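Here is how the chains run, residue by residue.
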Amino acid sequence: RHRHKEKWATTAPRIPSTRLALHHFDTSYSLHLGALWPSVRAGLLCEQKYGALLNNFAAADPQELELLNATDFISEAHQKAQQWQQGAAARGCQEGSEMSPPLCASISSKIKCYTFPRGDITRFRPARPDSLGLLDYYHMDAASLLPVLALNVQPGDFVLDLCAAPGGKTLALLQTGFCGHLAANDISISRTKRLCEILHSYVPKEVRDTVSVTSYDGRDWDHVKGGTFHKVLVDVPCTTDRHSAMEEHNNIFHRRRTKERQMLPMLQLELLMAGILAAKPGAELVYSTCSLSPLQNECVVERALDIAEAQFNIRIHVEDLSHFRTLFQDTFCFFSECRLGELVLPHLTANFGPMYFCKLRRM
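Reading guide: rules and limits
- Residues numbered from 1 in each chain as written.
- Predicted model: local features only at pLDDT ≥ 70, side-chain atom pairs only at ≥ 80, totals over all residues.
- Heavy atoms only, no water.
- Helix = DSSP H or I, 4+ residues; strand = E, 2+ residues; numbered from the N terminus.
- Rg over C-alpha atoms; globule rule 2.2 N^0.38 Å.
- Buried < 20%, exposed > 50% of the residue type's maximum accessible area, 1.4 Å probe, protein only.
- Contact = heavy atoms within 4.5 Å.
- Areas by Shrake-Rupley, 256 points an atom, 1.4 Å probe, with all protein chains shown as cover.
- Lys, Arg positive; Asp, Glu negative; His and termini not counted.
- Charge placed at Lys NZ, Arg CZ, Asp CG, Glu CD.
- Pairing = 2+ DSSP bridges.
- Core = buried A, V, L, I, M, F, W, Y, C linked by side-chain atoms within 4.5 Å.
- UniProt positions renumbered as here; feature names shortened; annotations may be inferred.

1. Things to note about the overall build of the chain
Here is step 1 of the chain: Helices and strands together make up the secondary structure of the chain, namely 15 helices and 13 strands.
Here is step 2 of the chain: Against the globule reference of 21 Å for 363 residues, the chain gives a C-alpha radius of gyration of 22 Å, in line with a compact fold.
Here is step 3 of the chain: Residue burial in the chain is summarised as follows: out of 363 residues, 50% are buried.
Here is step 4 of the chain: Counted over contacts in the chain with a minimum sequence separation of 6, partners at least 24 positions apart contribute 76%.
Here is step 5 of the chain: Counting only carbon and sulfur atoms, one obtains 54% of the accessible surface of the chain, whose full area is about 17,800 Å².
Here is step 6 of the chain: Between the centroid of the 39 positive side chains of the chain and the centroid of its 39 negative side chains there is a distance of 9 Å.

Written out as structure tokens, the structure reads:
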């Protein structure tokens, strides 16, 4: 007579997306990274370190940054490469002379990004406008510049940034001063709006006129302008591991986004294939993510190589970027066991990344 049905909650208790992300990372990355995972995990859960990308179009004063003990990690690497080359030449060392040219040739001395030393968690002040209203520097994860440096834009190159928003890498590409034309595309109209705002804040009109901003689905790009670019950057949507571990907002590990997350490697593959087809024969591409996941990194590249050859009769050569580890080891922590490409690992003393990048050449 007094029995009654138990009331069930209409929804199960909500597990935070960040906790779901961490559980997923603990399961998969502990296998992939082994003994490195605990320190990488600690880095992911601590405040990210930023660099200050100097705006060459503004009247920026690097001395102010140097007085704070910040240094331009790119020019330091360039100087290191030149010293090695000179040392090798003086010794008549054949091995050194073979190694040095790619070290010098692979980085643009026109891109300048200041970082604080390892272990120094000082923050840069907010960017300030010069007399023309252009901001003096752009805050970004310094590791995000490595894919741009790997692309190695040359004077007059037609460049495609296939997934360009919010615009840090696009801005860095323009800092080289070498883009004959830059196509900056992103499927999200709201994100391309943010990209346009950054261009207006940092780039003068005569340079902006060399940039076309579009909102196509990147997977269809080869139907728009196939086989026309000298350099292609494919910085794909990914699990954005640091954001997923720290922020509930727009977290791809939210239960409602499970299917979207599971489909990411397929989306990434389709975008990379579109980038390959948009490139001219002989052109160079860089594929990049801000994830530690081999399923989103090396596996996507390997699958794209197979499809390019089997379905399109296009042969792709994977370029060796191991010299980046040598050049930038003072600034970043690299994972030494990538099958293809390079991976920057977060670390408490150098808390940049994660950033995966792999350079390809369309033969």
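Continuing now.
2. Some thoughts on the sheet that holds strand 4 (residues 137-140)
Here is step 1 of the chain: Reading across the sheet, the four strands line up as 2-3-1-4 and stay open at both edges, with antiparallel pairing between neighbours. Sheet topology places strand 2 (71-72) and strand 4 at the edges, where each strand pairs with a single neighbour.
Here is step 2 of the chain: In this structure, strand 1 (residues 51-54) lies alongside strand 3 (residues 113-115), joined through two bridges in antiparallel fashion. Bridge assignment links Leu53 to a residue of strand 3, and that residue is Cys113.

3. Regarding the nonpolar core
A general trend in soluble globular proteins is that nonpolar side chains are found buried together.
Here is step 1 of the chain: Core analysis: the largest hydrophobic core is formed by 51 residues, its most contacted members being Leu272, Leu292 and Val301.
Here is step 2 of the chain: Leaving out residues up to four positions away in the same chain, Val301 has contacts with Leu272, Tyr287, Leu340, Tyr356, Cys358 and Leu360.
Here is step 3 of the chain: Grouped together as the second largest cluster of nonpolar side chains are 47 residues, Ala81, Ala142, Ala143 and Leu182 included.

4. Observations concerning the UniProt feature "active site" (unreviewed entry) in the chain
Here is step 1 of the chain: UniProt's entry tags Cys290 with the feature "active site" (unreviewed entry), counted in the numbering of this structure.
Here is step 2 of the chain: For Cys290, the position within the fold is in the loop between strand 9 (279-289) and helix 14 (298-312).
Here is step 3 of the chain: On the basis of relative accessible area, Cys290 is assigned to the partly exposed category, the value being 27%.
Here is step 4 of the chain: Each residue touching Cys290, except ones within four places of it in the same chain, is listed here: Cys238, Thr240, Asp241, Pro354 and Met355.

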